[in-house]
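Chain by chain, the residues:
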Amino acid sequence: MNPEDEVNSLYPIAVLIDELKHDDVSLRLNAIRNLTTIASALGVERTREELIPFLDESIDDEDEVLLALAEELGNLIDHVGGPAYAHCLLSPLENLAAVEETVVREKAIESLSKIAQVFSSEQIENQYISLIKRLTNGDWFTSRTSACGLYAPIYKKCQPNTQAELKKLYAQLCKDDTPMVRRAATTNMAKFVKEVSQDSIVNEFIPLFKFLSKDDQDSVRLLTVEVFVSIFECLSFESNESLLNKELRGLCTDNSWRVRYMVADNLVKVANVVGQKIIQSELVEYFINFLSDNEPEVRTAASTQISGFCAFISKEAILSKILPCLKNLVTDSSQHVRGSLALNIGGLAPLLGKESTIEFLLPLFLQLLKDEIPEVRLNIISKLDLVNKVIGIELLSQSLLPAIVELAEDKQWRVRLAIIEHIPLLASQLGVQFFDEKLGSLCMSWLGDCVYSIREAATANLRKLTDVFGVEWAKTTIIPQIMVFAQHTNYLYRMTMIFAITTLAQALTPEMIAEIIIPTIANLSDDPIPNIRFNVAKSFEQLIPLMKTPQLQNAKEEIVKPTLMKLYEDTDNDVKFFANRALSIVDSV
């Protein structure tokens, strides 16, 4: 490389280095995001001796810059000389782990954990442990909070005496005076217990769990639910039942709804680790209590666990104990509870079987279909396949159809959009005859909706329906109806027609594209509205890659190319632009 080329290649790097010191935050942020590029240009030695110390002094910056810095430092391991030199990255990350902004600290811990993974046991002992001790004993709670996330990644790489010291330091964090530190210690304990021996769990971590489960702050207690699950993923609950049974009862009946919410939200995980004996003797009753809790948030969380938890209990228990609670939830005062129930109640059908589903579950299902809130009805319809597999669509169709029609005409366009997205699933379950009779006209009506997003979704919906029912169905049923739009006086209908048949073409045969789609689109090239004409060009641009068969090649030469040449001579600049773009690829296929 001659000297001039070398200067030119290094100029962008020099600009980035200058931007690291710039007053403009956006420029500093850009430079930080290009740290790997800067480091590559500087080389490993200068990166270690110049760049990293400079970054270490740049901690007093905007949170956005610090967040990017915390992330990029974790990517510099290879640029400082590999794992053997990665310790030079610890100092700036230690400083970032003590800043006030939570997301910056979390990203710094993530990068420190990444470095710990490439460190040898010797490096952990000599360089990493001292960092953990400094953070653990820091004066400010932010450093102690960050320290909690560093124990689990390095524990197994440490010597036994160091491991014992780490457990003592972690116990110190669990008993910290600051609730934020205790919260962080509880959160990370779920990971830490998976790294230690079973003896350590029983002798050291279970006492810590008991201490934290009685914390005066409910924000700490609620986090112990996941710790409970982690402990008994490592231990057999049956052989250690006496150790934590009292604490489990305490969490399930806690005065704070937030703690009860957390147990309810994780009830399936809890059931997985405690075994059948506790499920039958205690958890069923707690689940019933959660479903009828005074707080709607707890009832909502419990509703999400219905199908998962009921898989652990007998059909008789579901019918006699759980179903009465669900009947109450169907008319719950909170729409969020009813919405959660609607989304999850269908999962009971496979557990109950056909006869019980028809007798007990179907009335609840149909009642939710008539709910005044559109989202509740949508949730029921989205899980229709679970019930359909058990009892068949015939029993559902009479009550289902009115609900679908009502949702399809809802004044909120997002509700209409959601029901469109469920139509292909419904179509595959209803069958072509029922669909054509009851829902075919509805699907076509969406093409004329006043909201563009609905019209766009309606065209994609027709393509999916073609995948479900086949090309012949599309040819005889929907394409003739779409073609009528070509003569509509409103240009939006004509434009929708172009969008629809262009999208449909992806699923049609070459013969249909050549005989129906291409001539229909070409006929609109003389439309008085420029938007229609340039969409003709855009449509052909999308169709050209499909024109690979002899029949389509002929159509391209005889219809597509002349039409695009005509549009290229159009007086409207947009029409000319899109015609030119399509012409640029017309000979490449």
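Residues numbered from 1 in each chain as written. Predicted model: local features only at pLDDT ≥ 70, side-chain atom pairs only at ≥ 80, totals over all residues. Heavy atoms only, no water.

J.: When you look at the overall build of the protein in this model, what are you seeing that I'm missing?
T.: What the protein contains, in helices and strands, is 37 helices and zero strands. Against the 2.2 N^0.38 benchmark of 25 Å for 589 residues, the protein shows a C-alpha radius of gyration of 32 Å, more extended than a compact globule. Dimensions of the protein along its principal axes, counting C-alpha atoms only, are 85 × 85 × 40 Å. Buried residues in the protein amount to 53% of all 589 residues. A sequence separation of at least 24 residues applies to 67% of the contacts in the protein between residues at least 6 apart. Accessible surface, the protein as shown: approximately 26,700 Å² in total, 49% of it carbon and sulfur. Of the side-chain charges in the protein, 56 are positive and 80 negative, and the distance between the mean point of each set is 6 Å. (Helix = DSSP H or I, 4+ residues; strand = E, 2+ residues; numbered from the N terminus. Rg over C-alpha atoms; globule rule 2.2 N^0.38 Å. Buried < 20%, exposed > 50% of the residue type's maximum accessible area, 1.4 Å probe, protein only. Contact = heavy atoms within 4.5 Å. Areas by Shrake-Rupley, 256 points an atom, 1.4 Å probe, with all protein chains shown as cover. Lys, Arg positive; Asp, Glu negative; His and termini not counted. Charge placed at Lys NZ, Arg CZ, Asp CG, Glu CD.)

J.: Would you mind going over helix α37 (residues 573-586) with me for this structure?
T.: Counted at 1.5 Å a residue, the expected span for α37 with its 14 residues is 20 Å, and the 20 Å between its end C-alpha atoms agrees. Restricting attention to buried positions, one finds in α37 the residues Val575, Phe578, Ala579, Ala582, Leu583 and Val586. One side of α37 holds all its buried residues, which, seen down the axis, span an arc of 140°. Of the exposed residues in α37, those oriented more than 90 degrees away from the buried face are Asn573 and Ser584. If you follow the buried residues of α37, they end up packed against α35 (530-543) and α36 (550-568). The backbone nitrogen of Asp574 has a side-chain oxygen 2.9 Å away, supplied by the residue at the start of α37, namely Asp572. (Expected span 1.5 Å × (residues − 1). Arc of directions from axis to C-beta. Polar contact = N/O pair within 3.5 Å; in protein donor to acceptor, adjacent residues only side chain to side chain.)

J.: Quick question: what am I supposed to make of the nonpolar core here?
T.: A general tendency of soluble globular proteins is for nonpolar side chains to be buried together. Judged by nonpolar contacts, the single largest core of 206 residues is most densely connected at Tyr128, Leu283, Leu326, Ile345 and Trp446. Apart from the residues lying within four places of it in its own chain, the contact partners of Tyr128 are Leu90, Leu112, Ser113, Ala116, Phe119, Gln123, Leu150 and Ile154. (Core = buried A, V, L, I, M, F, W, Y, C linked by side-chain atoms within 4.5 Å.)

J.: Quick question: what am I supposed to make of helix α19 (residues 276-291) here?
T.: For an α-helix, the turn length of 3.6 residues means that residues three or four places apart are oriented alike. The sharpest bend along α19 reaches about 45° and sits at Glu282. When we look at burial in α19, the residues that qualify are Ile278, Ile279, Glu282, Leu283, Val284, Tyr286, Phe287, Ile288, Phe290 and Leu291. (Bend = angle between axes of the 7 residues up to and from the residue.)

J.: Sorry, what's going on with the pattern of salt bridges here?
T.: When charged atoms on two side chains of opposite charge get close, those side chains can pair. In the structure shown here, the tally under the stated rule is 22 salt bridges. For Asp216, the salt bridge identified is with Arg182, shortest N-O distance 3.5 Å. Of this pair, Asp216 sits in the loop between α13 (198-213) and α14 (218-221) while Arg182 sits in helix α12 (residues 179-192), placing them 34 residues apart in sequence. Between Lys194 and Glu233 there is a salt bridge, with the nearest N and O atoms lying 3.3 Å from each other. Here Lys194 is found in the loop between α12 and α13, whereas its partner Glu233 is found in helix α15 (residues 224-234), with 39 residues between them in sequence. Taking relative accessible area as the criterion, Lys194 reaches 44% and is therefore assigned partly exposed. What you see here is one network of salt bridges that share partners, running through Arg182, Asp215 and Asp216. (Salt bridge = Lys/Arg side-chain N within 4 Å of Asp/Glu carboxyl O.)

J.: Honestly, the packing of helix α24 (residues 349-369) against helix α25 (residues 374-382) in this entry has me stumped. Any pointers?
T.: Pairs of packed helices are described in terms of their axes, by the angle between the two and the distance that separates them. Across the interface, α24 lies against α25 with an axial gap of 8 Å and an inter-helix angle of 135°. By the criterion of interaxial angle, the relationship of α24 to α25 is oblique. Each of Phe365, Leu368 and Leu369 in α24 lies in contact with α25, whose residues at this interface are Val376, Arg377, Ile380 and Ile381. (Axes fitted to C-alpha atoms, helices over the stretch in contact; angles between N-to-C directions. Parallel < 35°, antiparallel > 145°, perpendicular 65-115°, else oblique.)

J.: Whenever I open this one, the packing of aromatic side chains confuses me. Can you help?
T.: Aromatic rings in a pair are described by how distant their centres are and how their planes are angled relative to each other. Inspection of the entire model under this criterion finds 17 aromatic pairs. Summarising the aromatic geometry, the rings of Trp257 and Tyr261 are spaced 6.5 Å apart at their centres and angled 80° between planes, so their arrangement reads as edge-to-face. Separated by four residues within a single helix, Trp257 and Tyr261 lie in helix α17 (residues 257-265), roughly one turn from each other. Of the residues examined, Trp257 reaches a relative accessible area of 25% and is grouped as partly exposed. (Phe/Tyr/Trp six-rings, centres within 6.5 Å; stacked < 30°, edge-to-face > 60°.)

J.: What am I meant to see in the confidence of the model for the protein here?
T.: Close inspection of predicted coordinates is inappropriate in any region flagged by low pLDDT. The pLDDT averaged across the protein works out to 83; a share of 92% of its residues lies at or above 70. Ranking the elements of the protein by mean pLDDT puts helix α1 (residues 3-19) last, at 49, and helix α20 (residues 296-304) first, at 94. Here residues 1-12 is modelled with pLDDT under 50, and outside its nearest four sequence neighbours on either side it reaches two contacts, counting other chains as well. (pLDDT = per-residue confidence, 0-100.)

J.: How do you make sense of a negative patch on the surface when you look at a structure like this?
T.: A cluster of acidic residues, Glu62, Asp63, Glu64 and Glu100, forms a negative patch at the surface. With respect to the helices and strands, Glu62 occurs in the loop between α4 (44-56) and α5 (63-73). By relative accessible area, which is 44% here, Glu62 ends up partly exposed. (Patch = residues over 30% accessible without salt bridge, like charges linked within 9 Å, V, L, I, M, F, W, Y side chains within 5 Å.)

J.: Honestly, the side chain of Ser143 in this entry has me stumped. Any pointers?
T.: Relative to the assigned elements, Ser143 resides in helix α9 (residues 141-147). Among the polar contacts listed, one links the side chain of Ser143 to the backbone oxygen of Trp140, at a separation of 3.0 Å. If we ignore the near neighbours within four places in the chain, the residues touching Ser143 are Ala97, Ala98, Leu135 and Gly138.

J.: How do you make sense of the packing of helix α3 (residues 35-42) against α4 when you look at a structure like this?
T.: Look at α3 against α4: their axes get within 9 Å of each other, and the N-to-C directions meet at 145°. Here α3 and α4 pass one another in a crossing that is right-handed. Here Leu35, Ile38, Ala39 and Leu42 of α3 come into contact with α4, specifically with Arg46, Thr47, Leu51 and Leu55. (Left-handed = near helix turned anticlockwise from the far one by under 90°.)

J.: Explanation requested: the environment of Lys114 in the structure shown.
T.: Looking at where Lys114 falls in the secondary structure, it is placed in helix α7 (residues 102-118). Along the primary structure Lys114 and Asn75 are separated by 39 residues, whereas in three dimensions their C-alpha atoms are 8.7 Å apart. Residues contacting Lys114, with those up to four places away along its chain left out, are Gly74, Asn75 and Ile77.

J.: What's the story with the side chain of Thr563 in this structure? I'm lost.
T.: Examined against the element boundaries, Thr563 turns out to sit in helix α36. Residue classification places Thr563 among the buried positions, given a relative accessible area of 8%. When neighbours within four sequence positions are excluded, Thr563 is seen to be in contact with Ala522, Ser525, Val536 and Phe540.

J.: Sorry, what's going on with the environment of Ile419 here?
T.: Within the fold, Ile419 resides in helix α28 (residues 413-430). Given a relative accessible area of 0%, Ile419 falls into the buried group. Sequence separation between Ile419 and Glu57 is 362 residues; the distance between their C-alpha atoms is 55 Å. With residues up to four places along the chain from it excluded, the contact list for Ile419 reads Leu378, Ile381, Ile404, Leu407, Ala408 and Trp446.

J.: Which parts of the structure should I look at to understand the environment of Lys194?
T.: Distance in space between the C-alpha atoms of Lys194 and Glu233 is 8.4 Å, their sequence separation being 39 residues. Excluding residues within four positions of it along the chain, Lys194 makes contact with Lys156, Ser230, Glu233 and Cys234.

J.: Can you help me understand the state of the cysteines in this one?
T.: Note on terminology: a disulfide is the covalent bond linking the sulfur atoms of two cysteines. Counting across every chain of the model gives zero disulfides. In this structure Cys310 is not part of a disulfide, and its nearest cysteine sulfur, from Cys325, lies 9.9 Å away. With relative accessibility at 1%, the residue Cys310 sits in the buried group. (Disulfide = S-S within 2.5 Å.)

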